[in-house]
Every structure is written in C-alpha cells, then in structure tokens.
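Chains, contacts and geometry: an overview
Here is what each chain is made of, one letter per residue.
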Amino acid sequence: MTATPHERRTRACQERLRALDAAAVICSPGANLQYLTGVDETPSERQFLCVVSADGDPVFSVPELAGTQVDETTWVDDVRVWRDGGEPRAALDEVLADCELGAGRVLLDETMPARFVLDVQRLLGDRAFGLATEALGSLRARKDEAELDALRRAGVVADRVMRGLREDAAALVGRSEAALAREVEHRLADAGGDGVSFEPIVAAGPNGAKPHHAHGDRVIGEGDPVVFDFGTRVDGYPSDTTRTVVLAGDPPTEFETVHGVVREAATAAIDAVEPGVEARAVDRAARDVIEAAGYGEGFVHRTGHGVGLDIHEEPYIASDSETRLEPGMVFSVEPGVYLDGAFGVRIEDLVVVTEAGCERLNDSPRGWSVDG
Ligand code: ZN
Ligand code: ZN
C-alpha cells in the first residue's frame, strides 16, 4: 500500500527527530497534529495527545468519545482511548512506556495547553524538552503536492468571489462594511469554500488606513476606496487575497498614484521570488519601490507571511528575515500604503516558490476600478 501524504509527512518528521537526536514529538489538537495525522480536532479541556517517537508508529491517547472519529480519520492504527471519569494521565503513562522512547529531548507542540504539558512533564520528569517546530517548521514550510492542490483550489474560490464583488459593485455601494463582510462570507461558502480563513476585512475610506480594522458600521459611499482582504479554506488549507477597489464614483486625490505604487511594489516583490533568495530580499524589492515614490513612512508592515494550515506561519517575508526561499514554500506578497485619515491601499497575492521562480495562486484583476 502506498503511504498517504500524512504518513509520508510523519516519516519525514521522524527522520528530522533522528537528525536532531530527539526522542519524540508530542502533538495536541492543532495544525501540527492535522499535518501529521489528518486529525482536525478543536482543542478542549480533555487530554488529547499523539506521541510520535523517532522510530516506530505514532500512538494516540484520546477521550473515548472522540475515539471512533479519530480512528476513521487517521492513517495511524494505534488509537487508544480513556473514559470520562477515568485517569488520562495513567493512559498517557502507558502510551509513553509502550513507545519505548530513546534518549534525547521530547519536543512539545507549541500550542499545547499547559495542563497537558504538566502531565507530560510529570511522567517524563528527567527529560529535556523543546518545541515541535524544531522538527516540523522546515517540513511544514515546504508544501507537498496535496497541500499545493488544496491551496490552489482555495485561491480559485477567493478569486471568484473577488471578481463577483467588482461585477456587483453598483449594488454594494450604500451598504455597511459589516454587511459586506457577511456578504463575502456567504459568497465564499456558495463558491465552494469551507468557512473563512480569518475574519474578512472590508475597510472603506479612512478605515482602510488602519491595517487592523476588520469592518464596522461605516456605510460605503461613492469615491470610497475599499480594502477587501479575505479567504476561505479548502481541505483545511486557506486562501488570503486583498484588492483595493473603488466601487463607484471618483477616488480621492492621490489615490490613483498610491494604488499604482503599491501595485508596482507587489510586482517587483513577486519578480524577486526565486529559490535561494533570502526572504528579506523580497521585502526589500517591495519597499524600494514604495520608498522611491516617497511613501516609505506609510508602509507599516512586513511584505508577507507564510500560509499553510496556519494562516500565518513560516516563512515571514520581513526586512530582517534571512530565511532562504525553497521550492514549495507558500507565502503572501502584500505591500500596502496607509495614509492616516485618508485611505489605505493593499494588494495581496499568494505565491508558491517553484524551481524557476514562483507561481501565483491568485489571478483576479488587481486594478482599483470595478472593471479591473
Ligand atoms: Zn490578507
Ligand atoms: Zn495575508
């Protein structure tokens, strides 16, 4: 039988553990667990762990009420359950004994709740501990084919919705940012997405100058530049795209210039993407364009972030990041210029690093007018 993508990732993780002289990684519900086992579980107070030792097969220790579902979802054969009212720590003790951990550190999921961490530490008292990211960070940063396929499809859904917003612009003016955010959510679901990958941003007029503004009750008027930034998930993987559009009327003074600068910065950054290049060079490429145009003060954030099971993950495209880009890495390129009290402009595409350069995962029009 050929290994599933999840099993292949687990085997690669075990190889990393051996290279690091680490004994095991222990995951709790979250992106690491989903990456290795396929189990997408919401964290709760009940102890729910998976021990992946450097050799052998992983073992789950989960609440009985989750057992069947985990069994049906994962390639991992050994799924042990403990009963409500029972003693999860005793169950875990048995699992750890059966895993026959070698010498070396035990790496813990960085999102593991403290109550589970303390249980593990009590049982493995004299061990040194580290973080799972040591073994998983570089693996998760380079997406495999199954992941890229999901990311591409998530991008298609987001692009379809972005195009639809332009087409229906006339009907959207006069509604509030919050109403449009809900509209975006419905449209993403209708187009085949699974929920939203983050709270959609619909920021009109001066609100667009606040990069952290999600949406509020401002009614979108004629001439308001609107920053739309949203995404959905497909097979667990997210999209994340931004366009700044004037839905009706004439934009404010300077807007067209700024939009042109940001668009040029995005193109320059994407042109800079290729294997072997440091992430900071991509950030630099965007920043150079914006600084040369005199808007450097208005570009208040890094150029991008890695995207995977987590919407923000490695690699970060920041001015101080020496991470070298590798084929399979996926990240956003999203330069922006924010003019306090006036408007903001951001344009965001996801890209995947290829052997030759990069492939964009978004292709909806990038212009500011409704016709693109
Ligand atoms: Zn975004
Ligand atoms: Zn983003």
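Residues numbered from 1 in each chain as written. Chains lettered and ligands numbered in written order. Predicted model: local features only at pLDDT ≥ 70, side-chain atom pairs only at ≥ 80, totals over all residues. Heavy atoms only, no water.

Things to note about the coordination of the zinc ion (ligand 1)
For the record, the criterion: Only N, O and S atoms count as donors, using a 2.8 Å cut-off from the metal and 3.2 Å for Na, K and Ca, and because water is excluded some sites may appear unfinished. Working rule for geometry: tetrahedral if four donors all subtend angles between 85 and 135 degrees; square planar for four, octahedral for six, if opposite donors exceed 155 degrees and the others stay between 65 and 115; irregular in every other situation. The helix count covers DSSP runs of H or I at least four residues long, the strand count covers runs of E at least two residues long, and both are numbered beginning at the N terminus. A simple rule labels every residue: compare its accessible area, found with a 1.4 Å probe on the protein chains alone, to the largest value its type can have, and call it buried under 20%, exposed over 50%, or partly exposed in between.
D229 (OD), D229 (OD), D240 (OD) and E348 (OE) make up the full set of protein donors to the zinc ion (ligand 1), lying at 2.0 to 2.6 Å. Coordination at the zinc ion (ligand 1) is irregular, judged from the four donor atoms that bind it and the angles of 55 to 149° they form at the metal. Mapped onto the sequence, the residues coordinating the zinc ion (ligand 1) show the spacing D-x10-D-x107-E. If you look at the zinc ion (ligand 1) and the zinc ion (ligand 2), they sit 3.1 Å from each other and are both ligated by D240. In this pair, D229 is assigned in strand 8 (residues 225–230) and E348 in the loop between strand 16 (343–346) and strand 17 (349–353), connecting sequence segments 119 residues apart. Assigned by exposure class, D229 and E348 land together as buried.

Focus on the sheet that holds strand 8
To keep things clear, this is the line we draw: Here, strands pair whenever DSSP counts at least two bridges between them. Interaxial angle, 0 to 180 degrees, is taken between N-to-C directions of lines fitted to C-alpha atoms, where a helix line uses only the stretch in contact. Residue contacts follow a heavy-atom distance rule, with two residues in contact if any of their heavy atoms lie within 4.5 Å.
Here three strands make up an open sheet; going across it, the order is 7-8-11 and the pairing antiparallel. The open sheet is flanked by strand 7 (201–204) and strand 11 (241–246), the only strands paired with a single partner. Taken pair by pair, the neighbouring strands of this sheet meet at an average axis angle of 15°, ignoring direction. Pairing between strand 7 and strand 8: four bridges, direction antiparallel. Residue A204 lies in a different strand from strand 8, and its bridge partner there is V226. Contacts between helix 7 (residues 145–167) and the sheet are confined to strand 8 and strand 11, with strand 11 contributing the most and set at about 5° to the helix.

With respect to the pairing of strand 15 (residues 336–339)
Side chains G336 and Y338 project from strand 15 onto one buried face, and the interleaved V337 and L339 project onto a second face that is buried too. Here strand 15 runs beside strand 16; their pairing, made up of four bridges, is antiparallel. Along strand 16, the bridge assignment pairs G336 with R346.

Brief notes about the domain arrangement of the protein chain
Using the following cut-off: Each domain's extent was defined by an automatic or database domain assignment. Here the quantity called buried area is the accessible surface, traced with a 1.4 Å probe, that two parts lose on coming together, added over both. Salt bridges are defined by distance alone: a side-chain nitrogen of Lys or Arg within 4 Å of a carboxyl oxygen of Asp or Glu. For this analysis, a polar contact is any N or O atom pair within 3.5 Å, provided that within protein one partner can donate a hydrogen and the other can accept it, and provided that sequence-adjacent residues contribute only side-chain to side-chain pairs.
According to the domain assignment, the protein chain consists of domain 1 (5–140) and domain 2 (142–360). With centres defined by C-alpha atoms, the gap from domain 1 to domain 2 works out at 35 Å. Counting from both sides, the interface comprises eight residues of domain 1 and, opposite them, ten residues of domain 2. Both faces considered, domain 1 and domain 2 share a buried interface measuring about 780 Å² in area, 40% of it formed by carbon and sulfur atoms. Among the residues of domain 1 in contact with domain 2, R9, Q34 and R140 are the three that bury the most area, contributing 53% of the side total. Here D144 makes a salt bridge to R9, at a shortest N to O gap of 2.7 Å. Remark: the boundary between domain 1 and domain 2 carries six residue pairs in polar contact (both at pLDDT 80 or more). Only helix 1 (5–19), helix 2 (31–37) and helix 6 (133–141) provide two or more residues apiece to the side of domain 1 that touches domain 2.

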